[in-house]
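What follows is the residue order along each chain.
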Amino acid sequence: MEIRHMGPIGALITGVDVKTMDDATFRKIYQTWLDCNVIAVRDQELGVDDYLKYSRRFGFVCPHPAKTTRHPDYPEITLLGANKFRADGTLDRDIYLRGAEGFHTDGSYEEIPYKATQLYAIAIPSKGGDTHFSSAYAAYEQLPQRLKDRLEGRYGLFKYGGRKKTNLLLNPEDRDAKPARHQIIRTHVETGRKLLYFDQNKILSIEGLEEAESTAIIDEVTAFMAQPPDQYRHQWRKGDIVIWDNRCSYHNAAGDYPPEEERIHWRVSIKEQADSNTARA
Ligand SMILES: O=C(O)CCC(=O)C(=O)O
Ligand SMILES: [Fe+2]
């Protein structure tokens, strides 16, 4: 197995078959993932069961609330990019631009947020369609002391669709879930590093602040989510598995590939603990 560090975050792993790797090899992969925020494992040939089995080595795999994009036989698998064209031939932009609305972290609207998201590349377009990643550790480090002081110990309220209510991928009956509360400045439970837990697309408000200040701080903090040089851009190849740590990174799909071409991933959401969503799988 070869591990290539791609910069301050991101590592590319080759020369391994995730179907047959032993525990010692997996431990090395897991540690690299913790160290690098996001890793890509290349050249994998997996069926759904192989993919789920490998995903479960990272934690509890649970179905995403967007039911319309679930795999018909495996609710834990979300199909990204599938059924992009409606029956009348028009492009469904909610599917085409999914994950491309700016840097974000997945699952902050859940009481137990997603520790990780993993994507397996089934079909990749001839150009475009990269995924960008940015470090939430770097975002914390770069915050001005004034904002660190104002946010320390405070909680944000997070909801799918956020302030803009971009929630059309959810069934109507799933759209009014209660927001989840999460501490904004926190320490990663596995690495012990301090980070900024934030999502411009899902945060509604910062608890305990007047609305005007809450909105102003949300706008100001949003600018810190892009953290060059602590970024990694993944250029996909079919057979890549990419897993990112939602606790310490943000990501954004480029959303720029030719829409008539296919870009399909199998996506799983992974939690640290099982909850009622996991049980429904
Ligand atoms: O399609 C991508 O590159 C990423 C989409 C995304 O944001 C996600 O799967 O959570
Ligand atoms: Fe995402």
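This text goes with the structure placed above it.
In what follows, the accompanying structure is described. As the structure is a prediction and not an experimental result, all values here were calculated from the model.

Bringing the coordination of the iron ion (ligand 2) into the picture now. Coordination of the iron ion (ligand 2) by the protein involves His-104 (NE2), Asp-106 (OD) and His-251 (NE2), with metal-donor separations of 2.1 to 2.2 Å. For the iron ion (ligand 2), all donor residues lie on one chain, and their spacing in sequence is H-x1-D-x144-H. Within this pair, whereas His-104 is found in the loop between α3 (93-96) and β6 (114-123), its partner His-251 is found in strand β15 (residues 249-253), the two being separated by 147 residues in sequence. Using a relative accessible area of 3% as the deciding quantity, one classes His-104 as buried. What makes His-251 buried here is its relative accessible area of 5%.

Residues Pro-228 and Pro-229 are joined by a peptide bond in cis, for which omega reads 10 degrees. You can see Pro-229 is positioned in the loop between α6 (211-222) and β13 (231-234). The backbone phi angle of Asn-37 is positive, close to 70 degrees, even though this residue is not glycine. The topology assignment puts Asn-37 in the loop between α1 (23-36) and β3 (38-41). Phi at Asn-83 is positive, roughly 55 degrees, even though this residue is not glycine.

Evaluated as defined, the whole model comprises 20 salt bridges. When the shortest N-O distance is used, the salt bridge between Glu-220 and Arg-146 registers 2.5 Å. Of the two residues, Glu-220 is situated in helix α6 and Arg-146 in helix α5 (residues 145-151); the sequence distance between them amounts to 74 residues. Accessibility expressed as a relative area gives 52% for Arg-146, which makes it exposed. For the salt bridge of Lys-202 with Asp-199, the shortest nitrogen-to-oxygen distance reads 2.7 Å.

This part covers the nonpolar core. In this structure, Trp-33, Tyr-51, Tyr-54, Phe-58, Ile-77 and Ile-241 are the most contacted members of the largest nonpolar core, which totals 32 residues. Those elements that provide at least two residues to this core are β2 (11-14), α1, β3, α2 (48-55), β6, β14 (241-245) and β16 (264-271). Discounting residues that sit within four places of it in the chain, Phe-58 has contacts with Phe-26, Ile-29, Tyr-30, Trp-33, Lys-115, Gln-118, Ile-243 and Ile-270. Counting 25 residues, the second-largest nonpolar core is a separate cluster that includes Phe-103, Ala-136, Phe-198 and Val-221.

Next up on the list: the packing of aromatic side chains. Evaluation of the coordinates by the stated rule reveals 16 aromatic pairs. Grouped by ring-pair contacts, the aromatic residues Phe-26, Tyr-30, Trp-33, Tyr-54 and Phe-58 constitute a single cluster. For the cation-ring pair, Lys-148 lies above Tyr-140, with the distance from its terminal atom to the ring centre recorded as 4.6 Å. Looking at Arg-181, its charged tip hangs above the ring of Tyr-155, at a distance of 4.0 Å from the centre.

The computed volume of the largest pocket comes to approximately 680 Å³. In terms of lining, the largest pocket is formed by 35 residues, of which the most central are Leu-97, Arg-98, Gly-99, Glu-101 and Leu-169. For the lining of the largest pocket, the secondary-structure elements that each account for two or more residues are α3 and β15. The element contributing the most residues to the lining of the largest pocket is α3, with 4 residues. Considering only residue class, the lining of the largest pocket consists of 13 nonpolar, 13 polar and 9 charged. Taken as a whole, the second largest pocket encloses approximately 560 Å³ of empty space. Taken together, the residues of the lining of the second largest pocket sort by class into 10 nonpolar, 1 polar and 11 charged.

Reading the values: rules and limits
- Residues numbered from 1 in each chain as written.
- Chains lettered and ligands numbered in written order.
- Predicted model: local features only at pLDDT ≥ 70, side-chain atom pairs only at ≥ 80, totals over all residues.
- Heavy atoms only, no water.
- Donors = N, O, S within 2.8 Å, 3.2 Å for Na, K, Ca; no water.
- Helix = DSSP H or I, 4+ residues; strand = E, 2+ residues; numbered from the N terminus.
- Buried < 20%, exposed > 50% of the residue type's maximum accessible area, 1.4 Å probe, protein only.
- Salt bridge = Lys/Arg side-chain N within 4 Å of Asp/Glu carboxyl O.
- Core = buried A, V, L, I, M, F, W, Y, C linked by side-chain atoms within 4.5 Å.
- Contact = heavy atoms within 4.5 Å.
- Phe/Tyr/Trp six-rings, centres within 6.5 Å; stacked < 30°, edge-to-face > 60°.
- Lys NZ or Arg CZ within 6 Å of the ring centre and 35° of its normal.
- 1 Å grid on protein atoms, 1.4 Å probe; cavity = no way out; pocket = protein on both sides within 12 Å on 5 of 7 lines; lining within 4 Å.
- Points joined across faces, edges and corners; volume = space filled by probe spheres on them.
- Nonpolar A, V, L, I, M, F, W, Y, C, P; charged D, E, K, R; others polar.

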